[in-house]
Structure formats: C-alpha cells, structure tokens
Amino acid sequence: MLDRFFKLTHSGTDVRTELLAGLTTFLTMVYIIFVNPSILGDAGMPKESVFVATCLVAALGTAVMGLYANYPIAMAPGMGLNAYFAYAVVLGMGVAWPAALGAVFISGCLFILVSLLGLRGMIVNGIPKSMRVAITVGLGMFLALIALKNAGIVVGSEATLVKAGNLHQPSAIMAIVGFFAIVALDRLRVKGAILIGIVLVTVLSFFFGGNTYQGIFSLPPSISPTLFKLDIPGALSVGILNVVLVFFLVELFDATGTLMGVARRAGLLVEGKMDRLNKALLADSGAIVAGSVLGTSSTTAYLESASGVQAGGRTGLTALTVAVLFLACLFIAPLAGVVPAYATAPALLFVACLMLSDLGEVEWGDSTESIPAAVTALVMPFTFSIAEGIAFGFITYAVLKLLTGRAREVAPVVWVIAALFTFKIVYVGT
C-alpha cells in the first residue's frame, strides 16, 4: 500500500530507507521545538502553548507536504521569521502579538492566492537575484545579533550602541562552548549537531547556570492561550502594512528557494523544474495559515530536509515520518521548558553563519546590484528591523537603476514594492 501511494519503487527507494531518512531529517531540525518557544516567549507569548503550536504545525505542515505533494520535505516555524515576529514587530514596533499573528495569517492567505493564480513565478522572477540574496544574508546578520545578545556576548551601550558583554559570565562561556560543539559536530557530519549542542549547554546549565530539573515527560500543555487568538483587524491597520509585506516576501523566497534546493539534491527536478511545485507551495502556505491560528510565527520548508535526502529519502513517506515524530514531541514539554535562551543562542548563531554563505552570489562588479544588496543586509541588524532593511534595499535599487538610465531592467513588481515602502516611510513613518 505504501509503495503504491508514495511510488517508492518508481522513486528508487523503500520503506526502511524512507523511515531512516525521516529520522535523520527530524534529528537535524527538532531544535526548533526548543528555539521557537524561547524566541516567541520573549514577545510575551506563553511558551508552553507556543511549544504545542510548534509541534502541531510542524506535524501538520510536514504531513500535508508528504501526503499531498509527495516530497521528502519537512516544515516548521522558520528561523529568522520568528525572530522578526518577536524582536522587530512585537518588541520593536510595539505591535501586540495577536495582531502580529493576524499579519502572519494575511501573508499566508496572500501566499495561497499567488500560488493558485500562478503568480508566484512572476513575482520571484521579477525580484533581482541580488535582492533575494541580500534578504537571506540580512536575516542571517539579524539572527546573529539576537544570538549574541541572548548569550550575553553583546550588550547595549549608550556611548557605542553595542559593546562586548562580560565574557566571564557562565551563560556566555556555555554559549561559546555550545557554538564550537555545533560547528565541530556538523563538520564531522554528526546527525543532529544542532540538537546535541542545545542539549549540551542545557546540561551544563544545571551545574553552572542554576537551572533546575523539571522532568522529561508529561501530557501536552494547553494550547488555548494562543489558539484562535490572532487579531486580523489589528493586522489590517495601515501601520502594519510593511509587516505583512515582509512576511509575504520572505516566506515566498524562503519556501521557493528551499523547495528547489532540496528537490535538486534529491534528483526530483524534471528539466530544472519541480513537477508538483504548486502543490508543495500550497502545502507551505496552508501551514502558514494553520500556524497563525494555532499560535506561532510563519511556517516554512526546512533546508535541513536535505539531510534526509542525503540519507536516501525520495518521497512523502520521509516527510510523514518526520510528522509523526513531531507529534510524539508533544509529550516532552517539561524538557523544552528548561532550555535557557543561552542554550539556543549557539544554534541561532550557527544558522546565521550558514545564511551568510550566499554573499558570494551577489554581482559585486555592478554597483547598481551590489550597493542595494549591501544596504539591505546592513540596515536589517543596525535598525533591528528586517522590514526597514528590505524597504531601504528596494528603494535604493529602484533609485540607482533610474539614475543610471537602466530603469527598463527593473521588473514592474520591484517598482510596486519600492513605491509601497516609500509611501509607508513618507506618510506613515518608519
């Protein structure tokens, strides 16, 4: 039955290989059940409910990806998007977290709409590669700043804005140890390197950080504090326009890039295209909507799925295995609750470093491409706002192309985005 439904033989795989591939993918991305509640908890959301929402939406989105699109790609709340949600939108802009969830819901609905209408290709192809790369790199720098702050390695300063923290503090030392452990284990191709690093620092925190043991297993906490708490009317206010736009753009680029990258590694591209890309994007966008209803930031396809592909996963059975394992995680809430912020900081920093690798793809010889990309990436961490980085980047891109007589090179979608952000800055403010 599994062979017929998932077309295992046709894909050159079998049940055992798919199950092992699913376990591999799960081990490389399960860290999100610890990191996501920690980040969204800083925004005032109840951590236990966010933990449940994270497990449920990861299981739901991944199961739909496997059963509907039949791809070995797992999904969960996205790194970078959760940080933008918590630190930029809620804490930075003062938007209540229910309204921020409403913005996630709206962006997910827009994502579904462009997928159904076939507009995804037009939008993605219209955005210049340099800007797509810049958004990823800027997200990485933004994540890095948050990671260093959570570890106490970087602190605020009135004189210099930021400075080095007290590196003699146990939290900073343990975070540094965790980071080195993650990088070394990843280099040695140890499966679950990020998870091992988080567990290592958490264990050390009991001895050197005053952490207390709360147990491992329990019945799942209540999800009612976040379930259906999204505030759509609040998200529709003019002041949150750029929030919805940023969520939508990052979700679109992140999902498309990840899906194509993992499919390419799995040999699932036909003439450079994914046969069931639209199904995969619908699964992705549906998970975003479901996540906002459950109580978590935007869900997206995970690049860590490539580890399962490397282990032989080729069909949706790999994804379904990941989904079942995420459901099982619902019963380890006490374990998730004892993970301190400085234990997840090394994972954030590691992911941030990986996101900077795309810098080489920028066309540095063309200043009308490289300068807007640099502005985008730099403004994000320095303003502590992904939205401002994207806004300044698109406006810079459009202006430089116009001033150098190359306006015809700019796709209509870029002019629209630049105009929206300009209107927002001029008439609404930053």
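Note that the structure is predicted; figures quoted are calculated from it, not measured. Residue numbers restart at each chain and count upward from 1, following the sequence in its written direction. pLDDT decides what is reported in this predicted model: residues at 70 or higher carry local features, side-chain atom pairs at 80 or more are listed and counted, and totals for whole chains, interfaces and linings draw on all residues regardless. Just so you know, side-chain values use all the structure's heavy atoms and leave hydrogens and water out.

Visitor: Got a minute to help me understand the side chain of S298 in this structure?
Guide: Counting from the N terminus, the helices are DSSP H or I runs at least four residues long and the strands are E runs at least two residues long. Note on placement: S298 falls in the loop between α13 (277-294) and β6 (299-301). Contacts: residue pairs with any heavy atoms within 4.5 Å of one another. Those residues within four positions of S298 in sequence are excluded, and the remaining contacts are A76, P77, G78, L81, V104, F247, E251 and I288.

Visitor: Where do I start with the packing of aromatic side chains in this structure?
Guide: For any pair of aromatic rings, the description rests on two quantities: the centre-to-centre distance and the angle between the ring planes. Between the rings of Phe, Tyr and Trp (Trp by its six-membered ring), a pair exists once the centres lie within 6.5 Å; its type follows the angle of the planes, with under 30 degrees stacked, over 60 edge-to-face, and the other angles tilted. Summed over the entire model, instances satisfying the criterion amount to 6 aromatic pairs. Between Y84 and F247, the aromatic rings sit 5.2 Å apart at their centres with planes inclined by 70°, giving edge-to-face as the arrangement. Taken together, the residues span a long stretch of sequence, with Y84 in helix α5 (residues 81-92) and F247 in helix α12 (residues 241-266) at a distance of 163 residues. In terms of burial, Y84 and F247 fall into one category: buried. Their ring planes at 50° and their centres at 6.1 Å tell us that F179 and F180 sit as a pair that is tilted. Every member of this aromatic cluster is reached through a ring pair, and the members are Y84, F85 and F247. Definition used: whenever NZ (Lys) or CZ (Arg) falls within 6 Å of the ring centre and also within 35 degrees of the ring normal, the charge is taken to sit over that ring. A cation over an aromatic ring shows up here: K279 above the ring of Y68, its NZ or CZ 5.3 Å from the ring centre. Relative accessible area decides the class of each residue, using a 1.4 Å probe on protein chains only: under 20% of the type maximum gives buried, over 50% gives exposed, and in between gives partly exposed.

Visitor: I keep staring at the pattern of salt bridges and nothing clicks. Help me out?
Guide: Here the idea is simple: oppositely charged side chains can pair when their charged atoms come close. Any carboxyl oxygen of Asp or Glu within 4 Å of a side-chain nitrogen of Lys or Arg constitutes a salt bridge here. Considering all chains together, one arrives at 5 salt bridges under this definition. Of the charged contacts in the structure, one is a salt bridge between D366 and R406, with a shortest N-O distance of 2.9 Å. A residue pair is termed long-range when its members are at least 10 positions apart, and D366 in the loop between α17 (341-355) and α18 (367-383) and R406 in the loop between α19 (386-403) and α20 (412-428) qualify at 40 residues. According to the relative accessible area criterion, D366 is buried, its value standing at 12%. E409 is paired through a salt bridge with K401; the nearest N and O atoms lie 3.0 Å apart. Exposure remark for E409: the relative accessible area of 46% places this residue in the partly exposed category. On the basis of relative accessibility, which here comes to 0%, the residue K401 falls in the buried class. One salt-bridge network, held together by shared partners, links D366, E369, K401, R406 and E409.

Visitor: Quick question: what am I supposed to make of the packing of helix α8 (residues 129-150) against α18 here?
Guide: To describe two helices that pack against each other, one gives the angle between their axes and the distance between the axes. Here an axis means a line fitted to C-alpha atoms, over the contact stretch when the element is a helix, while the angle between two N-to-C directions is reported on a 0 to 180 degree scale. Packing of α8 against α18 leaves a shortest axis separation of 7 Å and a crossing angle of 25°. Judged by the inter-axis angle, α8 sits roughly parallel to α18. Of the two possible hands of crossing, α8 and α18 adopt the one that is right-handed. Contacts between α8 and α18 involve S130, M131, A134, I135, V137, G138, L139, M141, F142 and L145 on the former and, on the latter, E369, P372, A373, T376, A377, L378, M380 and P381. When its residues are assigned to classes, the contact of α8 with α18 shows 14 nonpolar, 3 polar and 1 charged. Orientation categories follow fixed angle ranges, with anything under 35 degrees roughly parallel, anything over 145 roughly antiparallel, 65 to 115 roughly perpendicular, and all other angles oblique. Here a crossing is called left-handed whenever its near helix is offset anticlockwise from the far helix by less than a right angle, and right-handed whenever the offset is clockwise. In this classification, Asp, Glu, Lys and Arg are treated as charged, Ala, Val, Leu, Ile, Met, Phe, Trp, Tyr, Cys and Pro as nonpolar, and every other residue, Gly included, as polar.

Scope: geometric values only; no functional claims are made or implied.
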